[in-house]
Amino acid sequence: MLQKTNRLCKKKEIDSVFGRGKSVKEGNLTLKAAKNQLDSVRFCFVVSKRVSKTAVGRNLIKRRMREISKAALPYLKPGYDLIFIVAPGFGKLDYRGIAEIMEKTFLRAGLMTAGKI
RNA sequence: CAAGCAGGUUAGGCAAUCGCUCCUCAUAGAUUUUGGUUUAUGGGGGGAGGAAAGUCCGAACACCCUCCCGGGGCGAAAGCCAAGGGAUAAAAAAGUAGAGGGUAAUACCCUUCGUCCGCAAGGAUCGAGGUGCGAACAGAGACGCUCUGAGGCGAAAGCCGAAGAGAUCCCGAACCGCAAGGUUUGGGAUAGAUUCAUAGAAAUAUGGAUUGUGAAACGGCUAAAUCCUUACUGGGCGCAAGAGCAACCCGCCCAAAUUUUUGUUCUUAACGUAACUUUAGGAACAAAAAUUUGGGCGGGAAAAAGUAGCUCGCUUGAGCCCCGCGAGUAAUUGCGGGGCCAGACAAAUGAUUGCCUCGUUCCGCAUUUUUGCGGAACCAGACAGAAUUCGGCUUAUUACCUGCUUGGUUU
RNA sequence: UGCGGGAUCGUCUAACGGUAGGACGCAUCCCUCUGGAGGAUGUUAUCUAGGUUCGAAUCCUAGUCCCGCAG
C-alpha cells in the first residue's frame, strides 16, 4: 500500500486532473497526468465494474498497480498527479504483465528516464 | 458397486524481503486546552467469511407519529404545562394462521397430528372460518339471473329463505308491416338427464345410484401467490438514524477605533459692549446614533444556497466457541470453568518468492472390478472481501466424513 | 452502505388471471415514366428457472441484467 502522501483522494482534485490532465494510452490502460504544487507524485486508480464483476477481482488489480507504483516511485519525476483508468480485458494479466504495460506508459508519458522497475 | 436420502466437518501450513491500518509503550520535535493535542522514528500486540454476497425477513439501537402512566410546577377550582418511563387499552396500517413449544424476534427452528408426493430412506413455500371466479372446446347441463324481503340460523362475518317485482327463455293470443320483424298481453320455466327407495291421495319432498363430456358435474375442488371476517402483533423510518463542536447567519450585551449630532468647560478670531451675550474655528469631557474589529451569551422555525469540515455514534454484545454437570423427545436453556473477539473512511488486512503436505490430470505395471505402487505435469488452485451491530433464510462454491434406503454382483 | 424502481416485436409502448394489441420500422405487391406520399398483405416479442392455478406477460419465490435516490 502506498503512503498517504502518495495517494490522490479528494474528489475536487481528481476532477481537476480529469479536466486539465494530458492522457496517454497504452493497450488497455489509460493514464491522465497533471502537474501539482507538491514535491511528491500522487496516484489514483480507476477500475470499473465492467473490468471485473467481483470486488475481489477489482481489488486485486488495484493492489498490484499500487505495488508497481511504489517500486517505480524513485525513478519518477516529482510533482505530478496521476490517474490510471483500466479498460476491460485487464483482469487476465498477472503481476509481470501489468508491470510491463505500466512501464511502457510511464516512458511514453515522459515521466521516467531510466527504464527499470 | 450403482442410484438416491439425511446430517456433519473443512475452507492450508512454515519461512524470507518489501509495505498498509488500528492499539499501546519509548524517544525527539511543534503548539498556551500543557499529565492535553499533534508530527516523525523505533519496540511490542491485533488485523475478513462460511457464505463477509443477495438484501428476502426479524430484532437491537436512534429519531418521528399515536396513545397510556407520570416526579414536579402553575391555578380558588375545573384544568393546563411537563422531565422521564412505557405499548396494558384505542386508532391507523401492515402482517401471521393445524396443535404445542423455542427465541429478543421472525415468513426462522423443534416436536407432533392430518393431507399429498416418493418402492423406500425421506420430503412439502401443504393446513383458521367463510364466500367466490372457473373462458374456449366437449357436454343435456358449468357455479345458477337481479332487486326488495316476512321469518329462521350464527359469537361475528355472513348464510338459508315464504312471497312480490324485474330480466331471459318457451308456448299461445291480438294489432302493425309485402316481408324480415316489432308492440301489447296470458300461462309456464329459470339446479337436475335417466333410474331406484321412502313418505304422501297428489303436487312434491328426502335419500341413493349411473353412461358419456370435461380441470371441475348439485356436490365438492382451488386464495401466501386477486376477497372478507375472526384471533394475535402499537405504527413509520433507517447509522447517509441521531448527537456535539467549529464555521456561517440572526439578535442582545461589553470593549476599542472612526465619523456625525447635541450639551458643558477652556481657548482663538470677528461685530458690538463697561461686562455678559452672539457668530465662526479648535481642544477636552459627557451623551446619543451609525459603521468596523474583537470578545461573551442566546437562537437557527420555514425557505434557499454553500460545504460531503472535525469528533462521537463505532465496535464487548440478546456476544461466539469448547469442556463438565443439570432441565427438555428436540429446538433451546440454567449453572460452573476456560478461551476468543478487525474497525477503515476514495476506504487497511497486501505484493513478490521458497519449501511442505492436501488435491487434480496424464502415463506405465499388477489386479475380474474396486484399488494399490511408481513416474511426469499443475501446484492450494473453488465461491468470494467487513463498513452500525446481531439472529435467520436464500443463492454461489472446494475437499472430505458418517448414517440410512433401494437395486445389482460375489461368498 | 442503506432504500427504491424496471425488463413485452428491430425501437417506443398497451393489455380485469382467459386469442399478446397499437405506432414507427422491415419485406412483398398495387399505384407512378421513376422516387416520395398513399393503399393492401405479411413479418417478428412477454429477461431466466421453479411454483400457485383448469389456465400466468400478469400472482408468489429465487436468480441475471439495467436504472434511480440519499447529506
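Just above sits the structure.
Residues numbered from 1 in each chain as written. Chains lettered and ligands numbered in written order. Predicted model: local features only at pLDDT ≥ 70, side-chain atom pairs only at ≥ 80, totals over all residues. Heavy atoms only, no water.

(A) Representation of the pairing of strand S3 (residues 42-47) within the structure. Counting buried positions along S3 gives 5 out of 6 residues, so the element sits mostly inside the fold. Here 6 bridges tie S3 to strand S4 (residues 80-86), and the two strands are oriented parallel to one another. Considered in S4, the bridge of Arg 42 is made with Asp 81. (Buried < 20%, exposed > 50% of the residue type's maximum accessible area, 1.4 Å probe, protein only. Helix = DSSP H or I, 4+ residues; strand = E, 2+ residues; numbered from the N terminus. Pairing = 2+ DSSP bridges.)

(B) Inspection of the sheet that holds strand S2 (residues 29-35) at higher detail. Sheet architecture is open: 4 strands sit in the order S1-S2-S4-S3, paired in mixed fashion. Two strands bound the open sheet, and with one partner strand each, they are strand S1 (22-26) and S3. Here the average twist between neighbouring strands, direction ignored, is 20°. Where S2 lies against S4, 7 bridges are found, and the strand directions are antiparallel. Note that in S4 the partner of Lys 35 across the bridge is Tyr 80. Across the sheet, helix H2 (residues 55-72) lies against S2, S3 and S4, angled at about 155° from S3, the strand it touches most. Across the face of the sheet, helix H3 (residues 95-109) comes into contact with S1, S2, S3 and S4 while running at roughly 140° to S1. (Axes fitted to C-alpha atoms, helices over the stretch in contact; angles between N-to-C directions. Contact = heavy atoms within 4.5 Å.)

(C) Looking closely at the layout of surface pockets. Approximately 190 Å³ is the volume attributed to the largest pocket. If you go around the largest pocket, you meet 12 residues; those closest to its centre are Lys 22, Ala 33, Ala 34, Tyr 80 and Ala 109. Looking at the lining of the largest pocket, the elements that each hand over two or more residues are S1 and S2. When residues in the lining of the largest pocket are grouped by element, the largest group, 3 residues, is from S2. Of the residues assigned to the lining of the largest pocket, the class counts are 6 nonpolar, 2 polar and 4 charged. (1 Å grid on protein atoms, 1.4 Å probe; cavity = no way out; pocket = protein on both sides within 12 Å on 5 of 7 lines; lining within 4 Å. Points joined across faces, edges and corners; volume = space filled by probe spheres on them. Nonpolar A, V, L, I, M, F, W, Y, C, P; charged D, E, K, R; others polar.)

(D) Geometry of H3. For H3, built from 15 residues, the straight-helix expectation of 21 Å at 1.5 Å per residue is met to within 8% by its first-to-last C-alpha distance of 21 Å. For H3, the set of buried residues is Gly 97, Ile 98, Ala 99, Ile 101, Met 102, Thr 105 and Phe 106. Trailing H3 by a residue or two, Gly 110 shows a phi angle of about 75°, which is positive. (Expected span 1.5 Å × (residues − 1).)

(E) Up close: the nonpolar core. Among the nonpolar cores identified, the biggest contains 23 residues, and Phe 43, Met 65, Leu 82, Phe 84, Met 102 and Phe 106 are the most heavily contacted of them. When residues of this core are traced back to their parent elements, those giving at least two are S2, S3, H2, S4 and H3. Ranked by the residues each element gives to this core, the list is headed by H3, at 5 residues. (Core = buried A, V, L, I, M, F, W, Y, C linked by side-chain atoms within 4.5 Å.)

(F) Here's a closer look at the side chain of Thr 105. When you line up the elements, Thr 105 lands in helix H3. With sequence-adjacent residues up to four places away left out, Thr 105 is seen in contact with Val 24, Glu 26, Leu 29 and Leu 31.

(G) Up close: H2. A rise of 1.5 Å per residue sets the reference length of H2, with its 18 residues, at 26 Å; its end C-alpha atoms lie 26 Å apart and thus fit the reference within 8%. Listing the buried residues of H2 in full gives Arg 58, Ile 61, Met 65, Arg 66, Ile 68, Ser 69 and Ala 72. For H2, the buried positions fall inside an angular range of 165° around the axis, keeping them on one side. Those residues of H2 that are buried are in contact with S2, S3, S4 and H3. (Arc of directions from axis to C-beta.)

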